[in-house]
Amino acid sequence: MKILVTLILFVVSACSSVNKPQPFTDSLAYKNNSSVISVPVRIHLLKSNISRDITAVASSEELEEMFNVVNLIWKQAGIKYEIESITYLNAYKDEQYVEAMSKTSNLTRQQKIGAMNKVCNITKQSDRVLNLCVIGKTVNGLGGIYFGGRHPKVIWPTIAKNGREVLNPATLAHEFGHYLGLKHNSEEAIYLMRGRGNNMRRNGQYEYILFTEREITSSRKVAMKLFE
Ligand SMILES: [Zn+2]
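Throughout what follows, the structure given in this document is the object of discussion. As the structure is a computational prediction, the values presented were derived from the model and not from experiment.

This part takes up the sheet that holds strand β2 (residues 79-90). Note: strands within a sheet are paired through backbone hydrogen bonds, in either parallel or antiparallel orientation. Across the sheet, which stays open at both edges, the five strands sit in the order β2-β1-β3-β5-β4 with mixed pairing between neighbours. Of all the strands in the sheet, just β2 and β4 (145-147) have a single pairing partner and so form its edges. With strand direction ignored, the average angle separating the axes of adjacent strands in the sheet is 25°. Bridging between strand β3 (residues 130-135) and strand β5 (residues 153-157) involves five bridges; their strand directions are parallel. What sits directly across from Val134, in β5, is Trp156. Each of β1 (37-47) and β2 is contacted by helix α3 (residues 60-74), which is oriented at about 150° to β2, the strand it contacts most.

To continue, consider the packing of α3 against helix α6 (residues 169-179). Contact pair α3 / α6: the axes reach a minimum separation of 9 Å and the direction vectors enclose 55°. One way to sum up the angle between α3 and α6 is to call them oblique. Crossing of α3 over α6 shows right-handed handedness. Two secondary-structure elements touch here, α3 through Met66, Val69, Val70, Ile73 and Trp74 and α6 through Pro169, Leu172, Ala173 and Phe176. Grouping the amino acids of the contact of α3 with α6 by side-chain chemistry returns nine nonpolar, no polar and no charged.

This next bit is on the environment of Gly144. Along the chain, Gly144 falls in the loop between β3 and β4. By the C-beta count within 10 Å, which is 22 here, Gly144 ends up buried. For Gly144, the contacting residues outside a window of four places in its chain are Val154, Ile155, Trp156, Thr171, Leu172, His174 and Glu175.

Residue placement: Ile122 occurs in the loop between α5 (109-119) and β3. Looking at Ile122, the number of C-beta atoms within 10 Å reads 15, which means it is partly exposed. Along the backbone, Ile122 and His44 are 78 residues apart, and their C-alpha atoms lie at a distance of 8.9 Å. Excluding residues that lie within four positions of it along the chain, Ile122 makes contacts with His44, Asn131, His151 and Lys153.

The rules we used
- Residues numbered from 1 in each chain as written.
- Predicted model: local features only at pLDDT ≥ 70, side-chain atom pairs only at ≥ 80, totals over all residues.
- Pairing = 2+ DSSP bridges.
- Helix = DSSP H or I, 4+ residues; strand = E, 2+ residues; numbered from the N terminus.
- Axes fitted to C-alpha atoms, helices over the stretch in contact; angles between N-to-C directions.
- Contact = placed C-beta atoms within 7 Å.
- Parallel < 35°, antiparallel > 145°, perpendicular 65-115°, else oblique.
- Left-handed = near helix turned anticlockwise from the far one by under 90°.
- Nonpolar A, V, L, I, M, F, W, Y, C, P; charged D, E, K, R; others polar.
- Buried ≥ 20, exposed ≤ 12 C-beta atoms within 10 Å, placed from the backbone.

Next comes the structure, spelled out in structure tokens:
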């Protein structure tokens, strides 16, 4: 009888492990280039006197915690994001941002994105640092957005679409991927760079999030060029 029970338990546990996603193993692309590349991140916490939706509410402990998760995800690529500094930044053209956030706004989607780009006005920054603007809420409830060009930056909200305060490290890790030149892929949902709308579903599954080998190779190449 005891043997039978043990056998059944074994079969049950074997079945359940089939459906569970497996944590990543070291990638070949990273193993071949074994040095870890550090990416310094300059964090700008936005604040505004006219709107609480713009002001970012996040402590340095919370931000460090988020970076720990981001680095857990990026470990397989051998890239580590390190907080260089955290400073406050006055929101630029915040009236326009409030207008863009309003439900009755007549602004086009493009104009709204423009207001989001402008609100974090960091034109005079070093190129050798990744700029991260932390904001209360994004326009349209986006989980995060990356702006390229001459002064690249990532904008990331502390308040989710449903109004709940939530910091989502998977979205942050995804936007950092764009910063390092990665585009969306059409892999399964557990892949970090899978197209929009999937990051919330990866909540709590951080150690299973994956990159393709090609993404690891190309993001390392970009990071090396910028930071080594
Ligand atoms: Zn994206």
